[in-house]
Amino acid sequence: MGEIMTGKLLALLLAISAIALTGTAGAGPIAEKATEAERLLDGGDAAAALDRLNEAMEIAWDAAPLIVRKALYLEQKASGFGIYVERSAPATFRPGEKLFVYVEPVGYGYGRDAVGSRLVGFNVDFTLTDPDGKVLFSKDDFLQVGSPVRYKNREFFLNLTVNLTGLGPGNYVSKFRLRDQNSEKSAAFELPFSLAE
């Protein structure tokens with residue numbers, strides 16, 4: 001997890017630093033936070049610098065649409081963020097086998113429950129088509145997934161499971177739409193697969 005965070009932090013630092021190097025005259029709030037982070041880091045206060053970069057990231061996050069950064073088939077359900085075994089491509093399943101889908105959304109909103117805890121949640125619509133786009137099955141609110149979170153977590157993943165009982169051999173496309181329960185944002189993605197004889 002440290003390597004993932006380090007890589008993401010480095011990319012964010014480089015992007016924000018590039019903005020900051022252009023000067024802050026007329027700069028937006030992200031560039032201003034980056035400039036302040038540079039000053040704090042130069043002054044030896046790395047913790048405060050990271051806090052400013054986190055504030056800049058929050059501004060960008062809130063302004064972004066809902067994005068599916070990663071979506072793929074797995075051998076079994078993921079046990080955590082980035083902790084999974086990807087199914088070899090092209091994805092081929094046996095009749096009756098379940099599809100395990102791993103999804104990393106970004107740009108989602110945060111809600112609150114009755115006691116004030118933060119929540120991340122999605123309604124998931126599902127459509128199954130043939131490769132030509134003919135709809136074989138479709139259901140809105142196929143799944144509802146979510147979790148309470150202590151912080152405004154930006155590393156959040158979904159385990160989606162689809163049961164293929166009754167589907168015959170052939171080529172298919174799974175189409176998903178995530179609808180954020182805490183904003184008006186939504187995002188769609190699709191994954192092709194085959195069922196073997």
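This text gives an overview of the structure that appears in the document. Here the structure is a predicted model, which is why all the values come from computation and not from measurement.

Side note on the pairing of strand β8 (residues 170–180)
Along a regular strand, successive side chains alternate from one face of the sheet to the other.
Step number 1: Relative to β8, strand β5 (residues 118–129) runs antiparallel, the two sharing eight bridges. Its bridge partner being in β8, L128 is matched across the sheet by S174.
Step number 2: Here 10 bridges tie β8 to strand β9 (residues 186–195), and the two strands are oriented antiparallel to one another. Of the residues in β9, the one forming a bridge with V173 is P192.

Re the environment of I59
Step number 1: Relative to the assigned elements, I59 resides in helix α3 (residues 46–63).
Step number 2: Filtering out sequence-adjacent residues up to four positions away, I59 remains in contact with P29, I30 and K33.

With respect to the pattern of salt bridges
Step number 1: Counted under the stated rule, the structure contains 10 salt bridges.
Step number 2: In this structure, R94 engages E97 in a salt bridge whose closest nitrogen and oxygen atoms are separated by 3.7 Å.
Step number 3: Assessed through its relative accessible area of 16%, E97 is described here as buried.
Step number 4: The shortest N-O distance in the salt bridge between D125 and R179 comes to 2.9 Å. Of the two residues, D125 sits in strand β5 while R179 sits in strand β8, which places them 54 residues apart along the sequence.
Step number 5: According to the relative accessible area criterion, D125 is buried, its value standing at 10%.
Step number 6: With relative accessibility at 25%, the residue R179 sits in the partly exposed group.

Topic: the sheet that holds strand β3 (residues 98–106)
Step number 1: Pairing in this open sheet of three strands is antiparallel, and the strands run β1-β3-β7 from one edge to the other. With partners counted over all chains shown, the strands left at the sheet margins are β1 (67–74) and β7 (158–163), one partner each. This sheet shows a mean twist of 25° between the axes of neighbouring strands, independent of strand direction.
Step number 2: Bridge count for β3 against β7 is six bridges, and the pairing is antiparallel. In the strand pairing of β7, V101 is matched with L160.

Reading guide: rules and limits
Residues numbered from 1 in each chain as written. Predicted model: local features only at pLDDT ≥ 70, side-chain atom pairs only at ≥ 80, totals over all residues. Heavy atoms only, no water. Pairing = 2+ DSSP bridges. Helix = DSSP H or I, 4+ residues; strand = E, 2+ residues; numbered from the N terminus. Contact = heavy atoms within 4.5 Å. Salt bridge = Lys/Arg side-chain N within 4 Å of Asp/Glu carboxyl O. Buried < 20%, exposed > 50% of the residue type's maximum accessible area, 1.4 Å probe, protein only. Axes fitted to C-alpha atoms, helices over the stretch in contact; angles between N-to-C directions.

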